[in-house]
Amino acid sequence: MRSRLLKLLPAAALLLAGCEKEIDFKYRDIEPILVIEGSVTQDGATVSLTETTPMDEPMNRRQVAGATVRLTDLTDGTTVDLIPSGTSPEDPYVSPQGGIERHRYLLSVTRPGTAEANTAECLMPPAAATPELTLAWIEMPYDRVAVLQTRFAAEPEQCYWIRVYRNDEAYMWRAVSGNMVYAGEINEVFMTTRKDTSEEEDDTVLVDGDVLTVTVAPISREMHDYLEAIGADSTGPRLFSGPMALGYFLAAPLSTASITFHPSEIPDF
């Protein structure tokens, strides 16, 4: 049997070689699509406007200039126009006017040269409880890993967006729904850096003195589903009316806590 198999292998290799074909991928050229990433918190409003990039071109994160960006409080009728925060092409549109809990907000974005606006509405829910943060080393088959435990009081009908920042730079995030509530709390664990940092990826490594800041935002089920889709490398549901646009608009107060990473002071779990 072995001898027969050895005789068949060269023939199979020749057959496969004869089936080789060069494939030339052709990407369909489409107009860039507007991407809106808007949020209003208790501290102000920020809206980033960028465009999708063709597959054969470098990623473009430059802001769309000259747009009219307007935030309307539908509860009390006040309106504010957001303006670029600086002169850099990467600067978002901002306003120092913060949102109010239980007020409904309308974001309107009109690109230069167009008459129809992209709009989205969002109700600002009450703030979540301030999260409690702890760090602990856990033993994994490949190394010891520092885990960040985030715990806060939560409502079963509410969804939440938990974001972790490392020295004020985006680090990790997770969207959780009310079915994660147990005994009136959500308890989420983020695996961060390995003990042996020489074996760690640069985007997750932590060094002594790094500050981890966690923000918790109460979000709608629709926003939760959008974030889940983004996490799965999808564009997610369409959240804006008007011309085709991607992205989200979120009105949510942020609950914030920070902890400093000192590896020698972290207990074993």
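Residues numbered from 1 in each chain as written. Predicted model: local features only at pLDDT ≥ 70, side-chain atom pairs only at ≥ 80, totals over all residues. Heavy atoms only, no water.

### Some points on the overall build of the protein
- For the protein, the helix and strand inventory stands at 2 helices and 15 strands.
- The proportion of buried residues among the 269 residues of the protein is 39%.
- With an accessible surface of roughly 16,200 Å², the protein has 53% of that area assigned to carbon and sulfur atoms. (Helix = DSSP H or I, 4+ residues; strand = E, 2+ residues; numbered from the N terminus. Buried < 20%, exposed > 50% of the residue type's maximum accessible area, 1.4 Å probe, protein only. Areas by Shrake-Rupley, 256 points an atom, 1.4 Å probe, with all protein chains shown as cover.)

### Focus: helix α2 (residues 221-231)
- Here α2 has its buried residues at Met223, His224, Tyr226, Leu227 and Ala229.
- For α2, the elements touching its buried residues are β10 (159-166), β11 (169-176), β13 (211-219) and β14 (245-251).
- Phi for aspartate 233, located one or two positions after α2, is positive at around 65°. (Contact = heavy atoms within 4.5 Å.)

### A few points about the confidence of the model for the protein
- In this model, the protein carries a mean pLDDT of 87, and residues with pLDDT of at least 70 account for 85%.
- Here residues 1-19 scores under 50 on pLDDT; set against residues more than four positions off or in separate chains, the count is 0 contacts. (pLDDT = per-residue confidence, 0-100.)

### Things to note about the pairing of strand β3 (residues 68-73)
- In terms of strand pairing, β3 meets strand β6 (residues 104-110) through 6 bridges, oriented antiparallel. Each residue of the ladder has a partner; that of valine 69, found in β6, is valine 109.
- Pairing of β3 with strand β4 (residues 79-84), which is carried by 4 bridges, proceeds in the antiparallel orientation. Of the residues in β4, the one forming a bridge with valine 69 is leucine 82.
- Linking two consecutive strands that pair antiparallel, namely β3 and β4, is a turn of 5 residues; a positive phi of about 85° is found at glycine 77 within it. (Pairing = 2+ DSSP bridges.)

### Comments concerning the nonpolar core
- Ranked by internal contacts, the top residues of the largest apolar core, which has 35 residues, are Ile36, Leu49, Val69, Met223 and Phe249.
- If you tally residues by element for this core, the top one is β14, at 5 residues.
- Aside from chain neighbours lying at most four places away, what touches phenylalanine 249 is Gly38, Ser39, Val40, Leu71, Tyr105, Leu107, Ala120, Glu121, Cys122 and Phe240.
- In this structure, Phe152, Ala154, Tyr160 and Met172 belong to the second largest nonpolar core, which totals 25 residues. (Core = buried A, V, L, I, M, F, W, Y, C linked by side-chain atoms within 4.5 Å.)

### Examining the sheet that holds strand β1 (residues 34-41)
- Spatial strand order, β7-β6-β3-β4-β5-β2-β1-β14: 8 strands in an open sheet with mixed pairing. Either end of the sheet is taken by a strand with one partner, and the two such strands are β7 (118-123) and β14. The sheet shows a mean angle of 20° between the axes of neighbouring strands, direction not considered. (Axes fitted to C-alpha atoms, helices over the stretch in contact; angles between N-to-C directions.)

### Quick look at the sheet that holds strand β12 (residues 185-194)
- Overall, antiparallel pairing links the 3 strands, which are arranged β8-β9-β12 in an open sheet. In this open sheet, the two strands that pair with only one neighbour each are β8 (132-139) and β12. Between one strand axis and the next, the sheet turns through 25° on average, direction left out of account.
- In terms of strand pairing, β8 meets strand β9 (residues 144-153) through 8 bridges, oriented antiparallel. Across the sheet, the residue bridging to glutamate 132 is arginine 151, located in β9.

### Points about the packing of aromatic side chains
- Under the counting rule described, the total for this entry stands at 5 aromatic pairs.
- Plain terms: the ring middles of phenylalanine 152 and tyrosine 160 are 5.2 Å apart, the flat faces sit at 70° to each other, and that makes the pair edge-to-face. One exposure class covers both phenylalanine 152 and tyrosine 160, and it is buried.
- Between tyrosine 226 and tyrosine 248 the ring centres are 5.9 Å apart and the planes differ by 50°, which places this aromatic pair in the tilted class. Of the two residues, tyrosine 226 sits in helix α2 while tyrosine 248 sits in strand β14, which places them 22 residues apart along the sequence.
- Look at tyrosine 226 and you get buried, because its relative accessible area is 6%.
- Of the aromatic side chains, those joined through ring pairs into one cluster are Trp161, Trp173, Tyr226 and Tyr248.
- Just above the ring of tryptophan 161 sits the side chain of arginine 163; from NZ or CZ to the centre is 3.8 Å.
- When the ring centre of phenylalanine 190 is taken as origin, the NZ or CZ atom of arginine 174, which lies over that ring, is 4.2 Å away. (Phe/Tyr/Trp six-rings, centres within 6.5 Å; stacked < 30°, edge-to-face > 60°. Lys NZ or Arg CZ within 6 Å of the ring centre and 35° of its normal.)

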